[in-house]
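Here's the letter readout for the chains.
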Amino acid sequence: MLAAAGSGRCLGCVPMSNASVWPATASWTGGALSLGGVAAADLAAEYGTPVYVLDEADFRARARTWQEALPDGDVHYGGKAFLCPEVVRWLDGLGLSLDVCTGGELAVAQAGGMPPERVVFHGNNKSRDELRRAVTWGVGCVVLDSFTELDRLAALAREHGVRQRVMIRVTPGVDALTHRSIATGGEDSKFGFSLAAGHAARAVRRVREEDSLELHGLHSHIGSQILRLDGFAQAAERMCAFARASDVERLDLGGGLGIRYTPDGQPPPTPDELVTVLRKHTAGLRLSVEPGRSIAGPSTVALYRVGTVKGGYVSVDGGMSDNPRPAMYGAPYTAARASGGEGAARRRVHVVGKHCESGDVLVRDVALPEDVAPGDLLAVPASGAYQRSMASNYNHVPRPPVVAVRDGAARVIVRRETEEDLLRLYV
Ligand SMILES: Cc1ncc(COP(=O)(O)O)c(C=O)c1O
Ligand SMILES: N[C@@H](CCCC[NH3+])C(=O)O
C-alpha cells in the first residue's frame, strides 16, 4: 500500500463535475499528477504501467449523485462498464442494485457478496445454464429478451419451484444519436421486443399466462454514450404510454448517459437533468435506471510509460489491448504528462500503443509538452468504463491491474495479469 503524496500541496484541485475530464481528487503540483492523494509517479513505480487508477471517492460520489437524483426509484449500476468483487462490495454498501448480462458478471456479483435480490439479469442470449444459475441463486429480476427465452425461463422456474420476477425488454424504436454500434433502441435491433410490431404487448400477455413468471415491469435501454436528452424523452414517453396501457407499474429506462472524454468535448447532462426529463413522462410509475459509464468512466485514469518518441508518434507501453475504444468507435481521448515538468512549449502528437497495427492509436492529435521523452508518464483520464472490461490479450499482452486510491492510500483491486496466467491457458 502506498502512502500519501509527499508535497501535500494541492495546486488546481479539480472538483467533481461534468465539465472536467479528471476525477474528483486529481491534483497537479509542478505538472505532476496525484490521484486520491497519491502521486501518479509513485503509483507507476509501485504497480508498474500500464495501470488503471480508480479514484474511489469519485466513483462513490457519482453513484450517490444518481441515488439523490432518483430518491423514489432504484439505481442499478451497469456492471458491464467495469466490475470486480471490490466494486460489488462498494455498490452493496451504497445500497445500489446491479445489472449483469452474462454468467461471468453473475459470478463476479456472487463473489462480491451482492444480495441476489438486488441483481437484475440482462442479455439477448442467456443460456439455459446461465438462467438456471440466476433462478437458483434467487436473482431479483430477469429481463426477458425473446420468446425463446421466455419459454426457457418459465420451464426452468417451474422445474425449480420458483416464481421468477421478470421485466420485458422493449425496443421503443428510438434513435439515441450515438455511435451505431452502441445504439440499441432502434427498430432494427437484436435487443428486446419491438413495441411497434406488437411483440412487446404479446410478451406481456405471454408472461401473464405463465404461473412460474411474475411480471415486475418493463425495460428499455436505447444506447450508450448519449449526450442529448431527446432520445431519452422519446423513449420515456413511449414506454410510459405502453406501461399504462399494459397496467404495469414499474419502468426501467436503462443506462446510457454519456461522459466527457476531452476538455473540448460536449458536457453531458447531469443525472438530475436526465431524471427530470424521464419524470415528466413517468409520473406515478416506479422508475429505475442503469447507469454504468457515467459512474465508472470519469473515476479512472490510465497511466502509461512512454517508450519511444518518433516524429509525431509517442509510443506507450499499452494500446488497443487495454483500450479498444478508439479503434472500435473512433472514441476521442486526451492525455497529459503526469510525471512533472510544466511550462514547456507544446506540440501536437499521436499517442500510440505497442500493437502490430496502425489503428492502434490511443489518443489522436493531442498537445503534449514539446520535450516529451521516453520514461515520461502519460495519464489518460475518463478511462474507467468499457476499458478494463473490454481489454484483451491481443499480441499476448497481459491486461493491466486496477488500483483504487483513496485518502492517500492505494490498493490493488484487480491484479495485473501475467504472462504465466496466459501460458496456463495453453495445452
Ligand atoms: C441493458 C443495459 N443497461 C445499462 C447499460 C449501461 O449503459 P451505460 O454504461 O451507457 O450507462 C447498458 C450498456 O449500454 C445496457 O446494455
Ligand atoms: N462498449 C461500448 C459501450 C457498450 C454499452 C453496453 N451496452 C463503449 O465502449 O462505448
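Source: prediction; values computed, not measured.

Chemist: Please clarify how the packing of aromatic side chains should be interpreted in this entry.
Modeler: Aromatic rings considered in pairs are described by the distance between their centres and by the relative angle of their planes. Inspection of the entire model under this criterion finds 5 aromatic pairs. Taking 5.6 Å as the distance between ring centres and 65° as the angle between the ring planes, the aromatic pair formed by F59 and Y77 counts as edge-to-face. You can see F59 sitting in helix α2 (residues 56-69) and its partner Y77 sitting in strand β5 (residues 74-78), a full 18 residues away along the chain. Of the two residues examined, F59 and Y77, each falls in the buried class. Here the aromatic rings of F59 and W90 are separated by 5.5 Å at their centres, their planes lie at 65°, and the arrangement is edge-to-face. Taken as a pair, F59 in helix α2 and W90 in helix α3 (residues 85-94) lie far apart in primary sequence, 31 residues in all. By the burial criterion, F59 is buried, and W90 matches it.

Chemist: Quick question: what am I supposed to make of the site of ligand 1 here?
Modeler: Residues in contact with ligand 1 amount to 14 residues; listed here are only the nearest, H221, S224, E290, R293 and Y386. Note that a nitrogen atom of ligand 1 is positioned 3.1 Å from one of the side-chain N or O atoms of D99. In the model, an oxygen atom of ligand 1 is placed 2.4 Å from a nitrogen or oxygen of the S224 side chain. Burial of ligand 1 by the surrounding chains reaches 92%, relative to a free accessible area of 390 Å².

Chemist: Before we go on, may I ask you to explain the site of ligand 2 in this structure?
Modeler: In the neighbourhood of ligand 2, the contacting residues comprise K80, I182, S224, R293, R325, Y329, Y386 and M390. Between ligand 2 and R325, the relevant distance is 2.6 Å, taken from an oxygen atom to a side-chain nitrogen or oxygen of the residue. Taking Y329, its side chain carries an N or O atom lying 2.8 Å from a nitrogen atom of ligand 2. Relative to its free-state accessible area of 320 Å², ligand 2 is covered by the protein chains to the extent of 83%. When its residues are assigned to classes, the shell around ligand 2 shows 4 nonpolar, 1 polar and 3 charged.

Chemist: Mind showing me how you'd approach the UniProt feature "modified residue: N6-(pyridoxal phosphate)lysine" (unreviewed entry) in the protein here?
Modeler: When the UniProt feature table is mapped onto this chain, "modified residue: N6-(pyridoxal phosphate)lysine" (unreviewed entry) is found at K80. Looking at the secondary structure, you find K80 in the loop between β5 and α3.

Chemist: What am I meant to see in the UniProt feature "binding site: substrate" (unreviewed entry) in the protein here?
Modeler: As annotated in UniProt, the feature "binding site: substrate" (unreviewed entry) corresponds to R293, R325, Y329, E357 and Y386 in the numbering used here. These annotated residues cover 94 residues of sequence, and their C-alpha atoms reach 27.5 Å apart at the extreme, placing them across more than a single site. Considering the arrangement of structural elements, one finds R293 in helix α10 (residues 293-296). With near-sequence residues (within four places) excluded, R293 lies in contact with A81, I182, S224, Q225, L257, G258, I259, Y261, P298, R325, A385 and Y386. A distance of 2.8 Å separates polar atoms of two side chains, one belonging to R293 and the other to S224. Mapped onto the secondary structure, Y386 falls in the loop between β19 (377-380) and β20 (402-406). Residues contacting Y386, with those up to four places away along its chain left out, are K80, A81, S224, R293 and R325.

Chemist: Please clarify how the pattern of salt bridges should be interpreted in this entry.
Modeler: Any two side chains of opposite charge can pair, on the condition that their charged atoms come close. Overall, the coordinates contain 25 salt bridges when judged by the stated rule. Ionic pairing is found between R60 and E56, a salt bridge with its closest N-O pair at 2.9 Å. Of this pair, R60 and E56 both sit in helix α2, 4 residues apart, which is roughly one turn of the helix. Exposure class is identical for R60 and E56. Each is buried. Residue R337 is joined to D376 by a salt bridge in which the shortest nitrogen-to-oxygen separation is 3.0 Å. Of this pair, R337 sits in strand β16 (residues 336-337) while D376 sits in the loop between β18 (361-369) and β19, placing them 39 residues apart in sequence. For the pair formed by R337 and D376, the shared burial category is buried. Members of the salt-bridge network, linked through shared partners, are E56, R60, E86, R89, R406, D407 and R411.

Chemist: Teacher, can you tell me more about the pairing of strand β4 (residues 51-55) here?
Modeler: For a regular strand, side-chain orientation follows a simple rule: the groups alternate between the two sheet faces. Of all 5 residues in β4, 5 are buried, a share of seventy percent or more. Covered by surrounding structure in β4 are V51, V53 and D55 together with Y52 and L54, the residues of both alternating faces. Where β4 meets β20, 4 bridges bridge the pair, whose relative direction is parallel. When the sheet's bridge partners are listed, V53 is paired in β20 with V403.

Chemist: It is not clear to me how the environment of P115 should be interpreted in this structure. Could you clarify?
Modeler: Note on placement: P115 falls in the loop between α4 (103-111) and β7 (119-121). Residue classification places P115 among the buried residues on the basis of a relative accessible area of 17%. In sequence terms P115 and F82 are 33 residues apart; their C-alpha atoms lie 19 Å from each other.

Chemist: How should the packing of α3 against α4 be read in this particular structure?
Modeler: Any two packed helices are characterised by the angle at which their axes cross and by the distance between the axes. Interhelical geometry of α3 versus α4 gives an angle of 65° and a closest axis separation of 8 Å. For α3 against α4, the interelement crossing comes out right-handed. On α4, the residues that touch P85, V88 and R89 of α3 are V108, A109 and A111. Counted by class, the contact of α3 with α4 contains 5 nonpolar, no polar and 1 charged residues.

Each value, and the rule that gives it
Residues numbered from 1 in each chain as written. Chains lettered and ligands numbered in written order. Predicted model: local features only at pLDDT ≥ 70, side-chain atom pairs only at ≥ 80, totals over all residues. Heavy atoms only, no water. Phe/Tyr/Trp six-rings, centres within 6.5 Å; stacked < 30°, edge-to-face > 60°. Helix = DSSP H or I, 4+ residues; strand = E, 2+ residues; numbered from the N terminus. Buried < 20%, exposed > 50% of the residue type's maximum accessible area, 1.4 Å probe, protein only. Near = heavy atom within 4 Å. Polar contact = N/O pair within 3.5 Å; in protein donor to acceptor, adjacent residues only side chain to side chain. Areas by Shrake-Rupley, 256 points an atom, 1.4 Å probe, with all protein chains shown as cover. Nonpolar A, V, L, I, M, F, W, Y, C, P; charged D, E, K, R; others polar. UniProt positions renumbered as here; feature names shortened; annotations may be inferred. Contact = heavy atoms within 4.5 Å. Salt bridge = Lys/Arg side-chain N within 4 Å of Asp/Glu carboxyl O. Pairing = 2+ DSSP bridges. Axes fitted to C-alpha atoms, helices over the stretch in contact; angles between N-to-C directions. Left-handed = near helix turned anticlockwise from the far one by under 90°.

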